[in-house]
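Inside the fold
Read off the chains here:
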Amino acid sequence: QVQLVESGGGLVQLGGSLRLSCVASGRIFSIYTMGWYRQPPGKQRELVAVITNGDASNYADSVKGRFTISRDNAKNTVYLQMNTLKPEDTALYFCNAYLSLSPLLGPNAYWGQGTQVTVSS
């Protein structure tokens, strides 16, 4: 069974910083993309940033220049450094990994339980 466990969320003031971490564990053969999504209160889940196993990354326009995604393939871990936080960044942040459990199986998407980020003004 694969588990994705996020950490690093919390309450921060306008302009502050947080660093989210997500560790994937279990019988994993290969992880392709890892990413972060968020769901603001009363809204749908949206992409924040994704990174491939080749370190190519993509960001939502709303976070470009403020957030940085990175990963440590040896640790099956993805990070999200969030700077210059705004109240509109308040959301439940989910980790996502697109991975395969075996060389004989295709990849599937797995999700963490989420970590809350709240930015106060």
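Summary of the structure given here. If you're wondering where the values come from, they're calculated on a predicted model, not measured in any experiment.

So, how was this worked out
Residues numbered from 1 in each chain as written. Predicted model: local features only at pLDDT ≥ 70, side-chain atom pairs only at ≥ 80, totals over all residues. Heavy atoms only, no water. Core = buried A, V, L, I, M, F, W, Y, C linked by side-chain atoms within 4.5 Å. Buried < 20%, exposed > 50% of the residue type's maximum accessible area, 1.4 Å probe, protein only. Helix = DSSP H or I, 4+ residues; strand = E, 2+ residues; numbered from the N terminus. Salt bridge = Lys/Arg side-chain N within 4 Å of Asp/Glu carboxyl O. Pairing = 2+ DSSP bridges. Axes fitted to C-alpha atoms, helices over the stretch in contact; angles between N-to-C directions.

1. Quick look at the nonpolar core
Core analysis: the biggest nonpolar cluster contains 30 residues, and Trp-36, Leu-80, Met-82 and Tyr-93 have the highest contact counts within it. Listed by contribution, the elements that provide at least two residues to this core are β3 (18-25), β4 (30-39), β5 (46-51), β7 (67-72), β8 (77-82), β9 (91-100) and β11 (115-120). Looking at this core, the element that brings in the most residues is β9, giving five residues.

2. A word on the pattern of salt bridges
Tallied over the full model, the rule gives four salt bridges. Within the structure, one salt-bridge network assembled from shared partners comprises Arg-38, Glu-46, Arg-66 and Asp-89.

3. What about the sheet that holds β3?
As summarised here, the arrangement of the four strands in space is β1-β3-β8-β7, forming an open sheet in which the pairing is antiparallel. Two strands close off the open sheet at either side, each with one partner strand: β1 (3-7) and β7. With strand direction ignored, the average angle separating the axes of adjacent strands in the sheet is 15°.

4. With respect to the pairing of β3
Where β1 lies against β3, five bridges are found, and the strand directions are antiparallel. Across the sheet, the residue bridging to Leu-4 is Ala-24, located in β3. Alignment of β3 against β8, held across six bridges, turns out to be antiparallel. Bridge pairing in β8 places Leu-18 opposite Met-82.

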